[in-house]
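The chain contents come next:
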Amino acid sequence: MIDLLIQVLDFVLPVLAMIFVGLVGTGILVELGLMQKFSKLVSPIFAYTNLPDTCASAFLVSIGSTVAANSMLFQAKKENCLEDREVLLCSMMNATPAYFRELFTYQIPVVLPALGFVVGGFYSLVFIVTAVVKILVIVIASKLFLKDNSCRVLEPEARKKVSIKTAVSRAFRKEFRAFLKIAGVYLIATTIVFVLQEQGVFEIFSVLPLAEIFKIPAVSIVPLTSYVASPILGISLLGPMIHSGEITNIQAMIVLMLGSMFMLPIFALRSQIPSKVAIFGTRLGVQIVVYSTAISVFVRLAILLLLLSIA
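This is a predicted model, so every value here is computed, not measured.

Glancing now at a nonpolar patch on the surface. A cluster of nonpolar residues, L5, L9, L13 and L187, forms a patch on the protein surface that exposes about 330 Å² of accessible area. With 3 residues, helix α1 (residues 2–31) is the single largest residue contributor to the nonpolar patch. Summarising the element assignment, L9 is placed in helix α1. Residue L9 is classed as partly exposed on the basis of its relative accessible area, which comes to 33%.

In helix packing, the relevant descriptors are the interaxial angle and the interaxial distance, both defined with respect to the helix axes. Interaxial distance between helix α4 (residues 66–78) and helix α5 (residues 84–115) falls to 10 Å at its minimum, and their mutual angle equals 170 degrees. Classified by the angle their axes make, α4 and α5 are roughly antiparallel. Here T66, A69, N70, L73 and K77 of α4 come into contact with α5, specifically with D84, V87, C90, S91, N94 and R101.

Moving on: the nonpolar core. Residues I235 and L256 are the most contacted members of the largest nonpolar core, which totals 49 residues. Those elements that place two or more of their residues in this core are α1, α5, α6 (117–145), α7 (164–199), α9 (221–229), α10 (231–244), α11 (249–280) and α12 (282–310). The greatest single-element share of this core, amounting to 10 residues, is contributed by α11. Those residues in contact with I235 that lie beyond four places of it in its chain are Y106, V111, A114, L115, Y123, Y227 and L256.

The largest bend along α11 reaches roughly 45 degrees and is located at A268. Of the residues trailing α11, G281 is marked for its positive phi of about 95 degrees.

Below, the discussion takes up the side chain of S292. Inspection of the secondary structure puts S292 in helix α12. When residues no more than four places from it in sequence are discounted, the contact partners of S292 are M92 and K134.

Turning our attention to the packing of aromatic side chains. If you walk through the whole model with that rule in mind, you get 4 aromatic pairs. On the numbers, 6.4 Å between centres and 85 degrees between planes, the contact of Y123 with Y227 is edge-to-face. Here Y123, found in helix α6, pairs with Y227, found in helix α9; they are 104 residues apart in sequence, far enough to count as distant. A residue is classified by how much of its surface remains accessible, and Y123, at 2% relative accessible area, is buried. Three or more aromatic residues joined by ring pairs form one cluster here, namely Y99, Y123, F127 and Y227. Geometry around F127 places R300 over its ring, the cationic atom sitting 5.3 Å from the centre.

The next subject is the UniProt feature "transmembrane region" (unreviewed entry) in the protein chain. The feature "transmembrane region" (unreviewed entry), as annotated in UniProt, sits at residues 12–34, 125–146, 178–196, 216–238, 250–268 and 288–308 in this numbering. Spanning residues 125–146, this segment combines 95% helix with 0% strand, and its end C-alpha atoms are found 30 Å apart. Strand forms 0% of residues 288–308 and helix 100%; the C-alpha atoms that close the span are 30 Å apart.

Turning our attention to the packing of helix α3 (residues 53–62) against α4. Between α3 and α4, the least distance of the axes is 7 Å, while the angle of their chain directions is 160 degrees. Considered as vectors, α3 and α4 are oriented roughly antiparallel to each other. Considering only the axes of α3 and α4, their crossing is right-handed. Here α3 contributes T54, C55, S57, A58, V61 and S62 to the contact with α4, which in turn contributes T66, A68, A69, M72, L73 and A76.

Procedures and definitions
- Residues numbered from 1 in each chain as written.
- Predicted model: local features only at pLDDT ≥ 70, side-chain atom pairs only at ≥ 80, totals over all residues.
- Heavy atoms only, no water.
- Patch = residues over 30% accessible without salt bridge, like charges linked within 9 Å, V, L, I, M, F, W, Y side chains within 5 Å.
- Areas by Shrake-Rupley, 256 points an atom, 1.4 Å probe, with all protein chains shown as cover.
- Salt bridge = Lys/Arg side-chain N within 4 Å of Asp/Glu carboxyl O.
- Helix = DSSP H or I, 4+ residues; strand = E, 2+ residues; numbered from the N terminus.
- Buried < 20%, exposed > 50% of the residue type's maximum accessible area, 1.4 Å probe, protein only.
- Axes fitted to C-alpha atoms, helices over the stretch in contact; angles between N-to-C directions.
- Parallel < 35°, antiparallel > 145°, perpendicular 65-115°, else oblique.
- Contact = heavy atoms within 4.5 Å.
- Core = buried A, V, L, I, M, F, W, Y, C linked by side-chain atoms within 4.5 Å.
- Bend = angle between axes of the 7 residues up to and from the residue.
- Phe/Tyr/Trp six-rings, centres within 6.5 Å; stacked < 30°, edge-to-face > 60°.
- Lys NZ or Arg CZ within 6 Å of the ring centre and 35° of its normal.
- UniProt positions renumbered as here; feature names shortened; annotations may be inferred.
- Left-handed = near helix turned anticlockwise from the far one by under 90°.

The following block contains the structure:
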């Protein structure tokens, strides 16, 4: 038992250290307002769309808070500044900064250490590809279905600058609690998978047809099903399997794409629909979630088919 515990700690501690540094470091960037600088990289996109100026203003706000940005759109709609189609596309655009924000708050500090550079990098790239595809769809749809609209609403007051000391203090307080939750799940999940591997429990899944259909080992069924319930849990379980050689990098990528495809609709029902309906109403809120989720699932499906052709 002591040997097992040493193996778990030897694997977990370096990963958790990287996660902690990544979370706090990103929190400091957010507090200093440096994350907003990334808006300059994507703002020229609006020059090639028929999205109204209000959408561009809301997009800048969404870099810090998607809810605040969507509230701006709702206010503009109430003032007859935006039509439903414009609100739908603008709200979908407001969701895209979250993909790039998660690259620094989740992918780099959490996923890369857990899954390794190859699989973790692939997983991060999928998020970026999804964001790019969504932006392209929005740009094309705006050209096809929207007319020019220069209506604007007042932008909220800019965030006050803070000192580095204050930024570090705020980031540590905010991110430490998140780190404890991640660390707890990661430590428990990793311990469980090490114990189960030692006991040979995963052998009972060898008859499952899903593994044969998608060319993945039976042992990967556990992290796959776990991912649907909790991506962090699924990643925590998958990481040790990759590092121990029980599953190849390609097979791990297939597991992640399958898990994502099953998880996204559940996440939409559990989280996205309630928040969008609360802001935009039932019909428009559901439409926004359905279209956005469908694009994400389509991207995963396309990548999955490509991986299966390689495997």
